[in-house]
Amino acid sequence: MSVRAAEDLASGDHACAVPVSDEQLWELTARFLSGGLRRNEKVVYFDDGTSEQVLERLTEDRMPVAATLRSGQLQVVPADVTRGAFRSPVADVRALLHSYVDGSVAQGWSGFRMTGQLSYGADAPAGIPMTAYDAALDDVVRERRFTALCLYDHGHYSQDQIERMRAAHREELSAPAAYDDGLLRITHTGVTAVRLAGEADHSNRPVIHKLITDTLDRALRSADAPTDIELNLASLRFLDVAGAVALVHAAEEFPSSHRLVLGDVRPAVQRVLDRCGAPFATQLVVREARQPPGRLPEVADEPHGPRERRLAEAGPADAEPEVRRPGTTGPDEAGPDAVRERPWAGVTDDDPHREPAAEGAAG
Amino acid sequence: MKVESRVPAHTRLRHVVEFHDGPADQLARAVAFARATVRRGEQLAVAVPPLVEKAVFDAVGHAGVVALTSPYGASGGSGQTTGATWARELRSLVQSDAGVTMLCGHDPAHDGVDGGYWTELDAALNVSLADLPVELVCLYPVWPLHLEVLEGARVNHPYVLAGGTLTENPEHRCPLEVLRGRERAAPLVLGPPDVTYRYNSWQLHEVRRLVARLAPALGFDAVRSEDLVLAVNEIATNAVEHGAPQAEIQLWATAGGLVCEVHDTGDLDEPLPGLTAPHPAEPRGRGVWIARQLCDLLHVWQDPAGTHVRLHATP
């Protein structure tokens, strides 16, 4: 098995990943989806109660979530459809996948990629093992050259199920973290750039201080390293007072040549920093998040096309198997507008720092 | 629980007691004091019983005179909370002026069961106002219903004003000494809590989740909810950081907001935590101070079972 980053997966790839924490689950999902949005592919997320966090993380990663949802490039498949798929015969799911690819081709997207929270299928609600669905997915991926990422997180799958699904995949992704305790996840995004995701409190307090001193050491040791130590806090949802004080103190103890730069800071975290003296620390730069997260468009609850509707209504296993010729109907959720509108193409260059986490980790 | 209740070495507060013979005498002295203060052109802040307040405003008008928040409802009965609240209000007055003269009048309505409220209030003011240029004169009765009121007044005030003469008070003691051996009252007992949760250092995120889930339903907006989560987190953190490995949090969802208590089995080194902003170089002690700024009531008390904190916030 080789090691690649989620955003590097390309057409014909069908990989799995086993995230160690929820934060890593959101990170992997968002990076995989972002990779598709950037490649101008149709990107589909099969929801099962997790889309809110995924869309939030995409927003934190500065992806144009609202615009791509509007244009239909990004689509969230409702949970009842996701679940319905695993109550349907494998042939139906195969047909559904074909119809998605056909739809994305018809709408002019450069490809198709999918991932989602598919754990409903792990318990074989229709008596069909999940590996059978996965084998069908693998066939269609190879035949139609699209991209699929299967995520098996410990919160939704048992260890047995994870091992079984892992064995069925040719490729497994891993995104190494500098630190991940299930509450706080730290990833290096550059020599002197780090991203924090999750919550920082008393339980992981020593980590932040060590992280900053280690990063500063790296910067001081290499002559051409940047003099700004950058902490991206876009996905840091909670910082306690001691953590904020630690950041302020760390910056105050920096050599005068270096600065501590906190980027994309959420408003709640910003308020804690303000109350802990951040405005008075001359070597500390706090940059607010441009777009406060949490105001995402509502995701439609209704199944989109007739095929989705049918899956959403799929009864238990004994439902009459109906074989359809693949490719006869495409999803009809995105109108002709979606074909004309390419919002992503217009925004790629407006912000060179758009996706520091993904770019840094890829290198 | 280890927290700060130091009095800075350089005290700017001048805390004076003046004794009176009864309500009519208190009113007369208050009006005379207010007249003299306003005549000198000084900013006056008052915290006196309602009848006295009316008489003061009738006598000198509202220009240059501010009434501070009086303890009420669920926020009442906690001298340390009142001490923190007045410090916040006086600080904003001081910023706009050179200094403030404050008149505080004993009001038996706030005595509670034993009058200990006043002892705690004056001790708290000695800490929370220490670095402010405030001249604080407290009017106390010579014959209070609860003897504790008189005893507390005698030890908390560094100066006595009698017959127009200001003298140093030989009986004055620092807040630590005053509160040592005095049992600070537990707040009024509430009914059974809506939520009880035992937690350790690694479960603080669950504590935050409980509060984050409750707050919006009680009418807190998104920003207040986040601040409340922070306040509770700091108190809950303190309990497992300095107290015992395990602590307990109880939550009450009330029509008047969120009430929260945190109990640990640890000792309290310093009786009045979080009344002053710690020096920026001081890594500890800031959490309780910030929590006090974010809540309507934050009352810390101790009994043989350990240290307890009640926190109350209104939307």
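Residues numbered from 1 in each chain as written. Chains lettered and ligands numbered in written order. Predicted model: local features only at pLDDT ≥ 70, side-chain atom pairs only at ≥ 80, totals over all residues.

**Examining the overall build of chain A**
Logical step 1: In terms of helices and strands, chain A carries 14 helices and twelve strands.
Logical step 2: Going through the 363 residues of chain A one by one, you find that 51% of them count as buried.
Logical step 3: In chain A, once contacts between residues fewer than 6 apart in sequence are set aside, the share between residues at least 24 apart is 82%. (Helix = DSSP H or I, 4+ residues; strand = E, 2+ residues; numbered from the N terminus. Buried ≥ 20, exposed ≤ 12 C-beta atoms within 10 Å, placed from the backbone. Contact = placed C-beta atoms within 7 Å.)

**Overview of the interface of chain B and chain A**
By a frequent convention, interface size equals the accessible area lost on bringing the separate parts together.
Logical step 1: At the junction of the two partners, chain B supplies 16 residues and chain A supplies 16 residues.
Logical step 2: For the side of chain B that touches chain A, the secondary-structure elements that each account for two or more residues are helix H7 (204-217), helix H8 (222-243) and helix H9 (286-294) of chain B.
Logical step 3: Considering every element that reaches the side of chain B that touches chain A, the biggest residue donor is H8(B), with six residues.
Logical step 4: Partitioning the side of chain B that touches chain A into residue classes produces six nonpolar, five polar and five charged. (Nonpolar A, V, L, I, M, F, W, Y, C, P; charged D, E, K, R; others polar.)

**Comments concerning the sheet that holds strand S1 (residues 14-20) of chain B**
All names here are of chain B.
Logical step 1: Strand order in the open sheet formed by seven strands is S3-S2-S4-S5-S1-S6-S7, and the pairing between neighbours is mixed. Two strands bound the open sheet, and with one partner strand each, they are strand S3 (65-67) and strand S7 (165-168). Neighbour-to-neighbour, the strand axes of this sheet turn through a mean angle of 25 degrees, independent of strand direction.
Logical step 2: As paired strands, strand S2 (residues 43-47) and strand S4 (residues 100-105) are joined by five bridges and run parallel to one another. The residue of S4 that forms the bridge with Ala 45 is Met 102.
Logical step 3: Relative to S4, helix H1 (residues 23-39) is tilted by about 175 degrees, and along the sheet it contacts S1, S2, S3, S4 and strand S5 (134-141). (Pairing = 2+ DSSP bridges. Axes fitted to C-alpha atoms, helices over the stretch in contact; angles between N-to-C directions.)

**Thoughts on the nonpolar core**
Logical step 1: Leu260(A), Leu228(B), Val232(B), Ile235(B) and Leu311(B) are the most contacted members of the largest nonpolar core, which totals 134 residues.
Logical step 2: With residues up to four places along the chain from it excluded, the contact list for Leu260(A) reads Ile212(A), Ile229(A), Leu247(A), Ala250(A), Ala251(A), Phe254(A), Gln283(A) and Leu284(A).
Logical step 3: Among the nonpolar cores identified, the runner-up in size contains 44 residues, and Leu13(B), Leu27(B), Phe33(B) and Val56(B) belong to it. (Core = buried A, V, L, I, M, F, W, Y, C linked by C-beta atoms within 7 Å.)

**Some details on the domain arrangement of chain B**
Residues and elements named next belong to chain B.
Logical step 1: Each assigned domain of chain B is listed here: domain 1 (14-179) and domain 2 (195-313).
Logical step 2: Each of domain 1 and domain 2 has a C-alpha centre, and the two are 29 Å apart.
Logical step 3: Each side of the interface is counted separately: domain 1 has 15 residues, and domain 2 has 13 residues.
Logical step 4: For the side of domain 1 that touches domain 2, the secondary-structure elements that each account for two or more residues are helix H3 (79-96), helix H4 (116-128) and helix H6 (175-179).
Logical step 5: Each residue belonging to the side of domain 1 that touches domain 2 can be placed in one class, and the counts come to eight nonpolar, seven polar and no charged. (Domains from an automatic or database assignment.)

**Examining the packing of helix H8 (residues 205-221) of chain A against helix H9 (residues 241-252) of chain A**
All names here are of chain A.
Logical step 1: One can describe the packing of H8 onto H9 by two numbers: an axis separation of 10 Å at closest approach and a directional angle of 15 degrees. It follows that H8 is roughly parallel to H9 by the angle criterion. Between H8 and H9 the crossing geometry is right-handed. Contact residues: H8 offers Arg 205, Ile 208, His 209 and Ile 212, while H9 offers Ala 242, Gly 243, Ala 246 and Ala 250.
Logical step 2: When the residues that make up the contact of H8 with H9 are grouped by side-chain class, the tally is five nonpolar, two polar and one charged. (Parallel < 35°, antiparallel > 145°, perpendicular 65-115°, else oblique. Left-handed = near helix turned anticlockwise from the far one by under 90°.)

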